[in-house]
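Now for the letters of each chain:
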Amino acid sequence: MQLLQRNLATWVEELLTASPVVVIEGARQVGKSTLASMLGTPGTVYASMDDDVARWQVREDPVGFLRMAGRGRLVIDEIQRCPELILPLKAEVDRDRRPGRFVLTGSANLLRIPRAEDSLAGRAMTARLQPFTQGELAGRQDDWVSWMLQRQRRPVVPAERSDIVERVVKGGYPPVQSMSPRLRVSWLRDYANRLVGRDASDVGRAQPELLRRLLLQLAAMPGAELVLDRLAQELGVGRSAVSSHLELLERLFLMHRLPSWSRNLSQRQVQRPKCYLTDSGLAAALSGLDAGHLSSVQGGEHRGPLLEGFIACELLRQRGWSATHYEVFHYRDRNGSEVDLVIETPKGVIAVEVKSAVAPAGHHFKHLKALRDRLGGEFVAGVVLTVGEGRSVGDRLEALPVSSLWTHE
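A tally of helices and strands in the protein chain yields 19 helices and 13 strands. For a compact globule of 409 residues, the expected C-alpha radius of gyration is about 22 Å, and the protein chain comes in at 22 Å, within 12% of that figure. Dimensions along the principal axes, computed over C-alpha positions, put the protein chain at roughly 70 × 50 × 45 Å. Burial status across the protein chain gives 54% buried among its 409 residues. For the protein chain, restricting intrachain contacts to residue pairs at least 6 apart in sequence, the fraction spanning at least 24 positions comes to 70%. Surface exposure of the protein chain reaches about 18,100 Å², of which carbon and sulfur atoms provide 48%. Of the side-chain charges in the protein chain, 54 are positive and 48 negative, and the distance between the mean point of each set is 2 Å.

This brings us to the environment of Ser19. Here Ser19 lies in the loop between helix 1 (9–16) and strand 1 (21–25). Under the relative-accessibility criterion, Ser19 is labelled buried at 3%. Linking Ser19 and Arg98, residues 79 residues apart in sequence, is a C-alpha distance of 7.7 Å. Each residue touching Ser19, except ones within four places of it in the same chain, is listed here: Pro99, Gly100, Arg123, Ala124 and Met125. A distance of 3.3 Å separates a polar side-chain atom of Ser19 from the backbone oxygen of Arg123. A distance of 3.5 Å separates the side chain of Ser19 from the backbone nitrogen of Met125, its partner in a polar contact.

Topologically, Asp50 is positioned in the loop between strand 2 (45–48) and helix 3 (52–60). What makes Asp50 partly exposed here is its relative accessible area of 29%. Residues Asp50 and Gly388, 338 residues apart in the sequence, show an inter-C-alpha distance of 46 Å. Beyond its immediate chain neighbours, meaning those up to four positions away, Asp50 contacts Arg28, Arg55, Glu78, Arg81 and Arg198. At a separation of 3.4 Å, a polar atom in the side chain of Asp50 contacts the side chain of Arg81. A polar contact is formed between the side chain of Asp50 and the side chain of Arg198, at a distance of 3.5 Å.

This part takes up helix 12 (residues 228–235). What helix 12 keeps buried is the set Leu228, Leu231, Ala232 and Leu235. When helix 12 is viewed along its axis, its buried side chains cluster within an angular range of 100 degrees and face the same direction. Packed against the buried residues of helix 12 are helix 11 (208–219) and helix 13 (239–251). Looking one or two residues beyond helix 12, the residue adopting positive phi is Gly236, at roughly 70 degrees.

So, on to the packing of helix 10 (residues 181–203) against helix 15 (residues 280–287). Two numbers describe how helix 10 lies on helix 15: the axes approach to 9 Å, and their chain directions differ by 95 degrees. Our classification of the angle between helix 10 and helix 15 gives roughly perpendicular. For the pair formed by helix 10 and helix 15, the contact residues are Val185, Leu188, Arg189, Tyr191 and Ala192 on the first element and Gly281, Leu282, Ala285 and Leu286 on the second. Across the contact of helix 10 with helix 15, the residue classes tally to 7 nonpolar, 1 polar and 1 charged.

The next thing to look at is the sheet that holds strand 9 (residues 338–345). Judged by pairing direction, the sheet is mixed, and its 6 strands sit side by side in the order 8-9-10-11-13-12 without closing on themselves. Edge positions in the open sheet fall to strand 8 (327–332) and strand 12 (391–394), since each of these has one partner strand only. When strand polarity is set aside, the average angle formed by the axes of neighbouring strands in this sheet is 30 degrees. Sheet analysis places strand 8 next to strand 9, joined by 5 bridges and oriented antiparallel. Bridged to Tyr331 within strand 9 is Val339.

What follows is about the side chain of Thr278. Secondary-structure assignment places Thr278 in the loop between strand 7 (274–277) and helix 15. With a relative accessible area of 4%, Thr278 lands in the buried category. Excluding its chain neighbours within four sequence positions, the residues that come into contact with Thr278 are Tyr173, Phe253, Leu254, Met255, His256, Cys313 and Arg317.

Evaluated as defined, the whole model comprises 5 aromatic pairs. Aromatic rings pair up to connect Tyr173, Trp187 and Tyr191 into one cluster. Lying across the ring of Trp147, Arg153 places its NZ or CZ 4.9 Å from the centre.

Another point: the pattern of salt bridges. In this structure the tally under the stated criterion is 33 salt bridges. Salt-bridge contacts for Glu136 lead to Arg6; the nearest nitrogen and oxygen are separated by 3.1 Å. Pair noted here: Glu136 is in helix 7 (residues 134–137) and Arg6 is in the segment before helix 1, with a separation of 130 residues, a long-range link. Note that Asp340 and Lys274 form a salt bridge whose closest N and O atoms lie 4.0 Å from each other. Here the residue Asp340 occupies a position in strand 9, and Lys274 occupies one in strand 7, the gap between them amounting to 66 residues. What makes Asp340 buried here is its relative accessible area of 13%. Each member of the salt-bridge network shares a partner with another, and the members are Arg28, Lys32, Asp50, Glu78, Arg81, Arg198 and Asp199.

Moving on, we come to the nonpolar core. Among the nonpolar cores identified, the biggest contains 94 residues, and Trp144, Tyr173 and Ile311 are the most heavily contacted of them. When residues of this core are assigned to their parent elements, the largest contribution, 8 residues, is made by helix 10. Each residue touching Tyr173, except ones within four places of it in the same chain, is listed here: Ala27, Arg28, Gln29, Val30, Pro131, Trp187, Leu188, Tyr191, Leu254, Thr278, Asp279 and Leu282. Core analysis: the next-biggest nonpolar cluster, separate from the first, contains 20 residues, Val21, Val23, Phe65 and Ala69 among them.

Rules used throughout
Residues numbered from 1 in each chain as written. Predicted model: local features only at pLDDT ≥ 70, side-chain atom pairs only at ≥ 80, totals over all residues. Heavy atoms only, no water. Helix = DSSP H or I, 4+ residues; strand = E, 2+ residues; numbered from the N terminus. Rg over C-alpha atoms; globule rule 2.2 N^0.38 Å. Buried < 20%, exposed > 50% of the residue type's maximum accessible area, 1.4 Å probe, protein only. Contact = heavy atoms within 4.5 Å. Areas by Shrake-Rupley, 256 points an atom, 1.4 Å probe, with all protein chains shown as cover. Lys, Arg positive; Asp, Glu negative; His and termini not counted. Charge placed at Lys NZ, Arg CZ, Asp CG, Glu CD. Polar contact = N/O pair within 3.5 Å; in protein donor to acceptor, adjacent residues only side chain to side chain. Arc of directions from axis to C-beta. Axes fitted to C-alpha atoms, helices over the stretch in contact; angles between N-to-C directions. Parallel < 35°, antiparallel > 145°, perpendicular 65-115°, else oblique. Nonpolar A, V, L, I, M, F, W, Y, C, P; charged D, E, K, R; others polar. Pairing = 2+ DSSP bridges. Phe/Tyr/Trp six-rings, centres within 6.5 Å; stacked < 30°, edge-to-face > 60°. Lys NZ or Arg CZ within 6 Å of the ring centre and 35° of its normal. Salt bridge = Lys/Arg side-chain N within 4 Å of Asp/Glu carboxyl O. Core = buried A, V, L, I, M, F, W, Y, C linked by side-chain atoms within 4.5 Å.

So this is what it looks like as structure tokens:
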């Protein structure tokens, strides 16, 4: 596959000018090592903790290992496999705080490794690399939220439903982009099995079979609210086991929790989050859903939730380089009013409903109107994303094609 530019690269390059340690974290096979190599300068040395010899060097002489790049840069891949390196790294950074000395890549959340958070506080800055966005695959700098905040926006040509469905089932993992559908599904399933069977043990105590069943359960219910007791009952285990294994899936970057939005910050913490796998292609493969089925009438009940997860993931990925700082939530009030995605920006709230229909219906705007009327001037826009054309439907309400996420100008 052609080497594609990652939109996160500019931000990582900026971090390297300010911090002695830059962490590029993300799931396996999303391109962390490739990105690190694209940032290489003369004198850069690469070492992988997947390599037995490199781990032996760390155990025998951690200081010598950390200094082997001299005045250059040391890139350490898969650092989570060698957590004993964290404390020597802290001491080495305290000795010489030159920016850009170390780049660490990790397929698990480094700050959840014991001692890492305290040891690297003030010494490291982190960028999260995720699977490709549709904009990256098209060679575009996609930033939908900033585009939505513009006063004037050009119309967007909608993509065909078949094209949208194909993008959903393919997802964004780099290795699968040029594979046949059959090979892609096999790769994604094997990928998930390897992660739960091997990598999970690097970041916590895991029961691989429970982790696998939990992952399959989440894949089958994209966008569902997280109810621990229900999951525990369906899996036949205790609530605490479900909670600890959900955390493992987050550490492995296989799952997003989307918090519930409220004006009351403390209230957000007690309301149920929604859950999505971090890639729609992975969710489709694990659920046995292909483009043909999702495009059919029978596939309609699965098409909407998967499309919602696809869009949520696109927005969460774009957040890494967006010119606008924003957070993504879902919304549900006591009266049953629900909005799929609520985007909180410094300029106000953008509310998004996701529909797999070709054209929006009047009732699709019902909950957007209710939220608009509640928020008043804080409400920037209410959008129904469909696979059809865009149009304005009233005060700060509009329909837009799903393809506006990556084809906006």
